[in-house]
Amino acid sequence: QVQLVESGGGLVQPGGSLRLSCAASGSIFRIASMGWYRQAPGKQRDLVAHTGTDGRTNYADSVKGRFTISRDSSKNTVYLQMTSLKPEDTAVYYCNAVASATYSGSYVEYWGQGAVVIVSS
């Protein structure tokens, strides 16, 4: 079993910055990918940014140029640096990881508990 613990959410004014962190722990042999999703009130959960083991990243169009995802594989941690925040970025941000517990084990998708980000003046 893998646990994902997020931190770094909070209240920020429009134009401000925040950095989210997500640390994975537990029975981990290999993490194939890590990413961030968000869910605004009354809306579905959508991809924000994603990174695989090859270092490739992809972003939602709405955050390109403002958000940066990075990963420290030695710490099983993924970060989301958010800048030029807008009120429409307000949401619960969820960390996501696809990991296996053993060499021959199957990959399972895991979710964090969510970090609240509120962008408001």
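It should be noted that the structure appears before, not after, this text.
Attention in this report is confined to the structure presented alongside it. It should be emphasised that the depicted structure is a prediction, and the values quoted were computed from it without experimental measurement. (Residues numbered from 1 in each chain as written. Predicted model: local features only at pLDDT ≥ 70, side-chain atom pairs only at ≥ 80, totals over all residues. Heavy atoms only, no water.)

**A look at the pairing of strand β11 (residues 115–119)**
Working step 1: Judged by which residues are buried, β11 turns out to be one-sided: Ala115, Val117 and Val119 face inward and are buried, whereas Val116 and Ile118, on the alternate face, are not.
Working step 2: The pairing of strand β2 (residues 10–12) with β11 spans 3 bridges and is classified as parallel. By the bridge assignment for β11, glycine 10 is matched with valine 117.
Working step 3: Where strand β9 (residues 91–100) and β11 come together, 3 bridges link them in antiparallel fashion. Opposite tyrosine 93, over in β11, you have alanine 115 as the bridge partner. (Buried < 20%, exposed > 50% of the residue type's maximum accessible area, 1.4 Å probe, protein only. Helix = DSSP H or I, 4+ residues; strand = E, 2+ residues; numbered from the N terminus. Pairing = 2+ DSSP bridges.)

**Focus on the sheet that holds strand β1 (residues 2–7)**
Strand-to-strand pairing in sheets goes through backbone hydrogen bonds, with the strands running parallel or antiparallel.
Working step 1: The 4 strands lie next to each other as β1-β3-β8-β7, forming an open sheet whose pairing is antiparallel. Every interior strand has two partners, whereas the edge strands, β1 and β7 (67–72), have only one. Ignoring strand direction, the axes of neighbouring strands in this sheet form an average angle of 15°.
Working step 2: Direction of pairing for β1 relative to strand β3 (residues 18–26): antiparallel, over a ladder of 6 bridges. Residue pairing for β3: valine 2 is matched across the bridge by glycine 26. (Axes fitted to C-alpha atoms, helices over the stretch in contact; angles between N-to-C directions.)

**Notes on the pattern of salt bridges**
Working step 1: Counted by the stated rule, this structure contains 4 salt bridges.
Working step 2: Between arginine 56 and aspartate 54 there is a salt bridge, with the nearest N and O atoms lying 3.6 Å from each other. Taken individually, arginine 56 and aspartate 54 each receive the classification exposed, so the pair is uniform in this respect.
Working step 3: The salt bridge partner of arginine 66 is aspartate 89, with a shortest N-O separation of 2.7 Å. A residue pair is termed long-range when its members are at least 10 positions apart, and arginine 66 in the loop between β6 (57–59) and β7 and aspartate 89 in the loop between β8 (77–82) and β9 qualify at 23 residues. For the pair shown, arginine 66 and aspartate 89 are each scored as buried.
Working step 4: Bridged by salt links that share partners, the residues Arg38, Arg66 and Asp89 form one connected network. (Salt bridge = Lys/Arg side-chain N within 4 Å of Asp/Glu carboxyl O.)

**Concerning the packing of aromatic side chains**
Aromatic rings considered in pairs are described by the distance between their centres and by the relative angle of their planes.
Working step 1: Going through the model one piece at a time under the given rule, you end up with 1 aromatic pair.
Working step 2: Here tyrosine 37 and tryptophan 111 contribute two aromatic rings whose centre-to-centre distance is 5.0 Å and whose plane-to-plane angle is 70°, an arrangement assigned as edge-to-face. Residue tyrosine 37 is found in strand β4 (residues 30–39), and its partner tryptophan 111 is found in strand β10 (residues 108–111); the two are separated by 74 residues along the sequence.
Working step 3: The lysine or arginine in question, arginine 45, covers the ring of tyrosine 94, its NZ or CZ lying 3.6 Å from the ring centre. (Phe/Tyr/Trp six-rings, centres within 6.5 Å; stacked < 30°, edge-to-face > 60°. Lys NZ or Arg CZ within 6 Å of the ring centre and 35° of its normal.)

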